[in-house]
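# Structural overview for review
Next come the chains, spelled out residue by residue.
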Amino acid sequence: MKRLPEFAPGADTWPEELSRRQFLELAGGTLALAGLAGCNRQPEKFIVPYVDPPPRELTGGPVFYATAMPWEGYGRGLLARANSGRPTKLEGNPSHPDSLGATDAVTQAGVLSLYDPDRSQAPRRGGEPSNWETFQDEWLARHRELDARGGEGFALLTEPTTSPALLRAIGRLLQRFPRAKWYQHTALFRYDQAGLQEDYDFARADVILGIDADFLLQHPAALRYARAFAGRRRLEKGRADSNRLYMLEATPTISGSMADHRLAVSPRRQRELLAALAAALNHQPLPGDLSAEESRVLRALAADLDASRGRALCIAGPQCDEDIRRWAQALNGRLGAGGATVHFLPAVRSDGDGRAAGGLADLRAALERHEVDLLVVAGSNPVYTAPADLEFAAAIPLARRQIHVGPYVDETAALCEWHLPESHFLEAWGDLRAFDGTVSIVQPLIAPLYQTRSALEYLDFLAYPPGQSGYDLVRATWQEKGGSAAGFEGKWEQWLQAGVMAGTANPPRPGPAARGPLPDLDAAGPESGLSVVLRPDPTVSDGRWSNCPWLQELPKPLSHLVWDNAAFVAPALAAREGWLDGDVLALDAGHGAVEASVRTLPGQAPDCIAVHLGYGRTAAGSVGNGHGFDAYRLRLRDRPWENGAVRIQRLGKQYGLVSTQRHFEMEGREIVKVEEVARVNRGDLPPPAPPHDSLYPPVAYNAHKWGMLIDLASCIGCQACVAACQAENNIPVVGRDQCAREREMHWIRVDTYYEGDAAHPRILHQPVPCQQCENAPCELVCPVAATVHSSEGLNDMVYNRCVGTRFCSNNCPYKVRRFNFLNFQFAEGSPYYLQKNPEVTVRSRGVMEKCTYCVQRIDDGRIAAERENRPLRDGEIRTACQQVCPAEAIVFGDLNDPAARVRARKAEPTHYGLLDDLNTRPRTTYLARLLNPAPEA
C-alpha cells in the first residue's frame, strides 16, 4: 500500500513568494559535512582550558577555553565553549577587566560567523579560484623586486589594532621594506585625543552629562560601564544611592533610554544648549529662545553639577565635533573630575609610534600620484566603508597590483588581483589589548575549517617568506617583551588558562590642563533645514556583521526593526512634512541618491534624520546582500557623522519595514512600573497586595522551586539576552518574510515603551521570557498534555507530544510561545549546524517551543552537585540570559533556599508580577524601573 504523505501538499514548504533558491541562500547553503574534513580537530599547537576538563568531556560534555574577540580593534575577553571539539557558545571571561563575565549581542553572534558558509575558503586570483602555492611562487618573485627597491611603492592598509603581535609584524614589515607606507582606516569611532583616551568611573559618579554618547552599548568598555552604571541604580536593602543621568542626543540610544532627563536635540542645537549651560554655571540668565523643558533641565543640571564637584563627569561621544569634546574636557576640569571620575590612559589602538603614514584620504592621494605599485589591504573594506567623496572603488585600480586579506570576498576583494582568505578568531592565534591596556592571548579552539591564515601570518609571510605560524609569532612577541626566557613556559600557560596577562593594564596619566573658563561654542551649520546624522548600526555595526543571520534578525533596540535600516524621523517632523511610515525618501548628498524608508521614532530630534550604516551591501554574502540602503553614500570625509547638505525628496512610493513590536504604548496599564528613588527611600510605597484566591489546589515543591527576577532599574535593553538565548537553545532564524508574518522564534523578547511627550519621551525596557506561571493558562487547554509542570515548578514543553494545535499560545496572556510553522532550522548539511548545542533538542516543524529557564543548565548543575556529594549552591546555575547580561539585571535561583539572592530580591518593595490581576502567579517577576529626577526639574 502506498504510504500517504505526512502533510498536505505545501504544508511543509515555504510560501511561493520565497523561492527555494532564496531559502537556500538564507539557510546558508547545503555544503556537505564531508567537505569539512577535519572540522572538529583541535589545533596542532597546545591550547589550555580555562578550567580542568570535567569528566563529562569524556562523553562529549563542554570544555571552556579563555580567548578574546576583536571589537573595533580592542580585545573583549571570552570563555569559549567547545562540545566535542566544536565551538558552540561564547561567554564573558569574569577575569577580564572589560568583560567581567558578560558579553553583548554582537559577541554572542561571533561563534555563528565561524560556520558561515559564505566565508572565503581558498585564495582567489582575478576573481577565479586559485591556491596558496600559486600565490607563494608569485610573491617570492615579487619579494625580490621589492627588496631591491627597499619597498618603494608598497602600501599597506589596515584597521587600527591593539594587538602587540600584529603591530610587531607590521614593524618587521616596515623594517624589511623601509620605503613602504602603512595607512589606517576605520569607519567607526576614534576614542583618543592627543595620544590619550578617557576612561570613566561610573561607580563614583553621582551626576553624569552625556552628549551624543552611547557609552552603555557602543564603546570598547561598554560592558564594564554598564555594570558600574547599573550598580548605582540597584536597590540595596530597600534603598538606592542612585546616580542621575542627563543626556543630550540627536537620536535615541540605549544610554539615552536610561536617562533621568533627556533632551532630543540635533548636533547644531547641542552647541546652543551647551552654551546656555555654560551661562547657567556662571550664574548668568539663560537665553530666551529655550523651550520650557530645556530651561528646566539646564537649570537643574547646572545646580547638580555645582553641587557634585569631584563626583560628576561629562562624556562627549566620539562622533561629536572636536570643539564639543574639548568643551566636555574643560567642564570635567572645572568639576574636578580628573583622577576622580575621569582617568586618562595612553591610547591603546596604535599607529605604531608614529609609523603610520596617515588615513584613507592620504592613501587615495598617493594612489592618484601613482606612487603605489603594490597595495595590500588587510582586514578592511574601504570600497564599501569609504566616505562618498573619496570614491575609493575608482582608486583601487590605480595601484598596479592589489592584494586583499579578509574573511569574505567583499566589495574591496572583488576589485583586487589577489584575495587571500583570513582565519576566524576562533581558528587563529593572536593577542589583543582591552580598553585599559590589559592583554589577552587569542587562543583558537579549532583548526581552520578552510585554507585560511590569520592576518598576522600573512604579514609575516610578506616580510619574511615562508613566514612563521601565528603561535610562534605570538610567543616570540611576548618572549621579546619579557626580556628573559626563564619561566616563560609557566607564564604562558597561566596566560592561556586565565585569559588575561596580569599587570599589563596601562597606569593613568595626567590629563590635559583643562581648568579655566569653558570655551565658547559658536553655532555651526545652516540656521535652518534638515541635517542627516549617521551612526553605526546597533546590530551589524559598520557592515562587518551583515552576513550574520542572528544579528540581521535580532530586533534593534528602541525601533525593533529587523533585516533593514531606515530613515528615522521625529513624529513632529513626519506630521509637518506629511510623511508616513514606509514612505520612501530620496536622500542625495551629491554622490548619488539613496532610497530610504521612513520610520517615525519618538525621541528623535525634530530637525534631523537619523540613518544607520552597515546596510546596502552588494558583496556581503547570501544573507547580507540586498537589505536596506547604503548610508555611506551620504558620508563626507570632513563630517563623517553629520551632513547638513543632503537634499530630500519624497518619491511617492512605499517600502514596508518589518518590526517585531508593533505597539509602543502601555495605554495606561502598569506593564512597566516606574518609581522614583526618593519615594522608595522614604518608604512611601504601598504594601504589596495579597495574592488572589485560586481555584487551583496548592502544590508543594519540596526539593527545588526555580524562579527568576528581572530588575528593570538595571536593564538597559541591549538585546544581549535575546542573542544569548538563541545561541544556547538552538533557536532558528526565520527570515524577513516570516518576521513580517509575526512568526519570529526568539524565546525572550525585550519590549520597549514610550511614555509622555513624543518629543522627549520616557523610554522603558522590559525583557519578557516565559513567566513560568504557577496557574499556567497554557496547561489547561493542551489536549495532549504537551505542556505540564515539573516537580520543581517548571512549565515544561514535551516536544514529542505536541501536535501543534497552538491552543496554548492562544491562552497565554504574555505571548511568549513560539510555533515552528515551517522547518526553520538550518539544513543538517550546512556548516551552521555545527554550532548547535548538543544538550538542547533541535526542533522541527509543527512544535510549540518557549523558554525553559535553560533546563539543561539546571541539570548540569544538579549532576555536578550529586557527583561531589553536596547541595546545590546559590548562583551555581546561571541561565544564558542571566550570564550574558552586562547590567546584572537578571537573577535566577531556588526559591526554597532561604539564602538565595533571588528570594531576597523578590522581597524588595518595588517587586511586582506582570499582569498580576490575572492570577497566573508567575515565577518570573520584576522590580520596577527607578528614576532619579532632579527636584528642581
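One can find the structure itself at the top, above this paragraph.
Being a predicted model, the structure only gives us computed values, none of them experimental.

The next subject is the sheet that holds strand 13 (residues 312-316). One open sheet holds the four strands; their spatial order is 12-11-10-13, and the pairing between them is parallel. Where the open sheet ends on each side, the last strands, each with one partner, are strand 12 (261-264) and strand 13. Pairs of neighbouring strands in the sheet enclose a mean axial angle of 10°, with direction left out of account. The sheet contact formed by strand 10 (residues 207-211) and strand 11 (residues 244-249) spans five bridges and is parallel. If you follow Leu209 over to strand 11, its bridge partner there is Tyr246.

Restricting attention to buried positions, one finds in helix 10 (residues 360-368) the residues Leu360, Leu363, Arg364, Ala366 and Leu367. Take helix 10 and look down its axis: the buried residues cluster within an arc of 160°, on one side only. Just downstream of helix 10, His370 is the residue with a positive phi angle, here 60°.

The full count for this structure, using the stated rule, is 31 aromatic pairs. Note on Trp132 and Phe461: the rings are 5.0 Å apart at their centroids and 55° apart in plane angle, and the pair reads as tilted. Taken together, the residues span a long stretch of sequence, with Trp132 in helix 3 (residues 132-149) and Phe461 in helix 13 (residues 455-463) at a distance of 329 residues. Residue classification places Phe461 among the buried positions, given a relative accessible area of 1%. With 6.1 Å between their ring centres and 45° between their planes, Tyr200 and Phe202 make a pair best called tilted. The two residues Tyr200 and Phe202 agree in class, both being buried. In this structure, Arg743 is placed above the aromatic ring of Phe821, and the distance from its NZ or CZ to the ring centre is 4.0 Å. Stacked on the ring of Tyr701, the Lys or Arg Arg923 has its end atom at 5.0 Å from the ring centre.

This brings us to the sheet that holds strand 38 (residues 924-927). Ordered by their spatial adjacency, four strands build an open sheet running 36-29-38-37, and the pairing between neighbours is mixed. Where the open sheet ends on each side, the last strands, each with one partner, are strand 36 (890-894) and strand 37 (911-912). The pairing of strand 29 (residues 706-711) with strand 38 spans four bridges and is parallel. Bridge assignment links Leu709 to a residue of strand 38, and that residue is Thr925.

A few words on the pairing of strand 23 (residues 583-588). Judged by how many residues are buried, strand 23 sits mostly within the fold: six of six residues are covered. Here strand 23 shows no split at all, with Asp583, Leu585 and Leu587 on one side and Val584, Ala586 and Asp588 on the other all buried. Bridging between strand 23 and strand 27 (residues 647-654) involves five bridges; their strand directions are antiparallel. Across the sheet, residue Asp588 finds its bridge partner in strand 27, namely Arg647. Examined bridge by bridge, strand 23 and strand 24 (residues 593-600) share five bridges and lie antiparallel to one another. Bridge pairing in strand 24 links Ala586 to Glu595. The hairpin formed by strand 23 and strand 24 contains four residues between the paired strands, and Gly590 there has a positive phi angle of roughly 95°.

About the cut-offs
- Residues numbered from 1 in each chain as written.
- Predicted model: local features only at pLDDT ≥ 70, side-chain atom pairs only at ≥ 80, totals over all residues.
- Heavy atoms only, no water.
- Pairing = 2+ DSSP bridges.
- Helix = DSSP H or I, 4+ residues; strand = E, 2+ residues; numbered from the N terminus.
- Axes fitted to C-alpha atoms, helices over the stretch in contact; angles between N-to-C directions.
- Buried < 20%, exposed > 50% of the residue type's maximum accessible area, 1.4 Å probe, protein only.
- Arc of directions from axis to C-beta.
- Phe/Tyr/Trp six-rings, centres within 6.5 Å; stacked < 30°, edge-to-face > 60°.
- Lys NZ or Arg CZ within 6 Å of the ring centre and 35° of its normal.

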